Amino acid sequence: MKSLLRTAAIVTTAIATPISAQQRTLPPAVRQYVSIDAPVVALTHARVVDGTGTPAKDDQTIIIRGEKIAAVGKTGSIDVPSGAQVVDLSGKTVIPGIIGLHDHMYYGGMKFMGASYPRLFLSAGVTTIRTTGSVDSYQELNLKAKIDSLLLPGPGIVVTGPYLQGPGGGLPAMHPLDGTEDARRMVRYWSEEGVTWFKAYTQITRAQLGAAIDEAHKRGVKVTAHLCSVGFREAVALGIDQLEHGLLTNSEYSNGKVVDKCPNVSDTAYAVLDVDSPEVQRTFKEMVAKKVAMTSTLDVFEISSPSRLPVDQRVLDALHPDIAKQVAAWYERGKTSNDSVRIAAFKTAMRFDRAFVKAGGLLGAGSDPCCLSAIAGYGDQRNFELLTEAGFTPEQSIQIMTSNGAKILGFDKWLGTVSPGMQADLVVLAGDPVRTQSDIRNVETVFKRGIGYDASKLRESVKGLVGFR
Ligand SMILES: [Zn+2]
């Protein structure tokens, strides 16, 4: 190890003086997946979708220096520093690292996937996640610390506290809140432990949610929610920072909804909902006025419409063989599923996302890799295809999945676009996802803080692990 360190130091000083970025020493657990690690890297002849929503640009060069993007511009128009490692990306597209805002660290029965998910996320181009409902916040905090110290490969993690769930209907990993002081106590404790977001859940009452938000804001911590007992507008009035999922978790358009109770809203009711109606527009208006962002999770909604779901062999390969068998059978059954009403509801959910953005709302995306075919990384890629199907341009879909996520997390000064000064979190895709959306799946290299990871090596390393550990 020592001699390696010395060699690295010599190489660094031997290169022309402008290159001062420190050579990092990566442990074998990380190094085995790394294909590019140089003080200065020049990615040339790339098509770039920069994350701002503007049209893709051809034949671009990106200079990475250390952990940051130093320059971006037309190939030939910007200097490639001598000594830089030059990588020709002709025929390839670079997008910012994906920021998954609803990207749990669990799968199937809320089992913690600390072994497989970090590498799977990274392999799919997801370089930052917010866990948005944690089954084990301590494991997430410890995992985050290891990834931040470059001891393990994985995305940057924004750790969420345990779910803030109301009484009744809770899953075994959730503490059912007993009043407002209980909500404050939980928020206090986990904020002090280092979580920076909380997710409220389906049965929470307005009083508990209000108390949790108040306590969180006192500590500079934020709150989002997967709602049901509380409607979107009620949560907005209570000062919530964000809302998860979109339409199919908004119960406020249901006739005769009882306050603080989660109604059973039929698929038909969602299917026929008019997103241009005054009611829906009022929700958007209040969200926009209070700067309440929303997370689109179309890929997990699509699970309820299995007849339209494309079979993804990569999902089956990543799953533990026992679970893969079950999911393969579920895919098969899904082909003949009688789900036309649910598809109609799903399409309204797509229109809801579009209408929210049209009304001035800030939309991010997340995969909710909870179960069945919704797994880490591949779910995020599916979101790109679905957002584009919903009517966003491919560039807008990328923006939703990258720089909008950075804005929502408050990271936009240093993360989320392909531009100078930003952290070098970049995804190299074979092909062009603007023309062929499924090219989002063709991840070749993922740069995280300037280190290039070989996506296929990461992918190989987690085969058969998902659902197991
Ligand atoms: Zn979720």
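Please refer to the structure placed before this passage.
The numbering scheme is per chain: residues are counted from 1 as the chain's sequence reads. Two thresholds apply to this predicted model, a pLDDT of at least 70 for residue-level local features and 80 or more for giving and counting side-chain atom pairs, whereas whole-chain, interface and lining totals are computed over all residues. Side-chain metrics in this entry use all non-hydrogen atoms of the structure; hydrogen atoms and water are not considered.

### Digging into the nonpolar core
Across soluble globular proteins, nonpolar side chains have a tendency to be buried as a group.
Part 1: Ranked by internal contacts, the top residues of the largest apolar core, which has 113 residues, are Y117, L209 and I375.
Part 2: Elements are defined by DSSP. Helices are runs of H or I of four residues or more, strands are runs of E of two residues or more, and each kind is numbered from the N terminus. Of the residues forming this core, the biggest block, seven residues, is contributed by helix α13 (residues 340-358).
Part 3: I375 has contacts with Y107, Y117, L120, V315, A318, L319, P369 and V466, leaving out every residue within four places of it along the chain.
Part 4: What is meant by a nonpolar core is a set of buried Ala, Val, Leu, Ile, Met, Phe, Trp, Tyr and Cys residues, joined one to another through side-chain atoms within 4.5 Å. In this scheme, a residue with accessible area under 20% of its type's maximum is buried, one over 50% is exposed, and one in between is partly exposed, where area comes from a 1.4 Å probe on protein chains only. In this structure, A38, I62, V418 and F447 belong to the second largest nonpolar core, which totals 18 residues. Any two residues having at least one pair of non-hydrogen atoms within 4.5 Å are treated as being in contact.

### Observations concerning the sheet that holds strand β7 (residues 98-100)
Backbone hydrogen bonds hold the strands of a sheet together, and the pairing may be parallel or antiparallel.
Part 1: Read across the sheet, three strands follow the order β7-β10-β11 without closing on themselves; strand pairing throughout is parallel. With one partner strand each, in any of the chains shown, β7 and β11 (156-158) form the two edges of the open sheet. Recorded for the sheet is a direction-independent mean angle of 15° between the axes of neighbouring strands.
Part 2: With three bridges joining them, β7 and strand β10 (residues 126-130) adopt parallel strand pairing. When the bridges of β10 are listed, I99 appears paired with T128. Two strands are counted as paired when DSSP detects at least two bridges linking them. Helix axes use the C-alpha atoms of the stretch in contact, all axes being lines fitted to C-alpha atoms, and the angles between their N-to-C directions lie in the range 0 to 180 degrees.

### Observations regarding the packing of helix α9 (residues 278-289) against α13
Part 1: Direction vectors running N to C along α9 and α13 enclose 50°, while the axes themselves pass 10 Å from each other. In terms of orientation, α9 lies oblique with respect to α13. With respect to the hand of their crossing, α9 and α13 are arranged in right-handed fashion. Where α9 abuts α13, its residues V280, Q281, F284 and M287 lie against F352, A355 and F356. Here roughly perpendicular refers to angles of 65 to 115 degrees, roughly parallel to angles under 35, roughly antiparallel to angles over 145, and oblique to all remaining angles. Note on convention: near helix rotated counterclockwise from far helix by under a right angle means a left-handed crossing. Clockwise means right-handed.

### Quick look at the coordination of the zinc ion
Part 1: Distances from the zinc ion to its protein donors, H102 (NE2), H104 (NE2) and D368 (OD), fall at 2.1 to 2.7 Å.
Part 2: Any N, O or S atom lying within 2.8 Å of the metal counts as a donor, with the limit raised to 3.2 Å for Na, K and Ca; because water is left out of the atom set, some sites can appear incomplete. Each donor residue of the zinc ion lies on the same chain, and together they follow the pattern H-x1-H-x263-D. With H102 in the loop between β7 and β8 (106-107) and D368 in the loop between β16 (363-365) and α14 (378-389), this residue pair connects regions lying 266 residues apart in the sequence. For the pair H102 and D368, a shared accessibility class is recorded, and that class is buried.

### Comments concerning the environment of R31
Part 1: Looking at where R31 falls in the secondary structure, it is placed in helix α2 (residues 28-31).
Part 2: Remark: the alpha-carbon pair of R31 and L150, spanning 119 residues in sequence, is separated by 9.7 Å.
Part 3: Contacts described as polar in this section are N or O atom pairs within 3.5 Å, which, within protein, must combine one atom able to donate a hydrogen with one able to accept it, while residues neighboring in sequence count only if both atoms come from side chains. A distance of 3.0 Å separates a polar side-chain atom of R31 from the backbone oxygen of L26.

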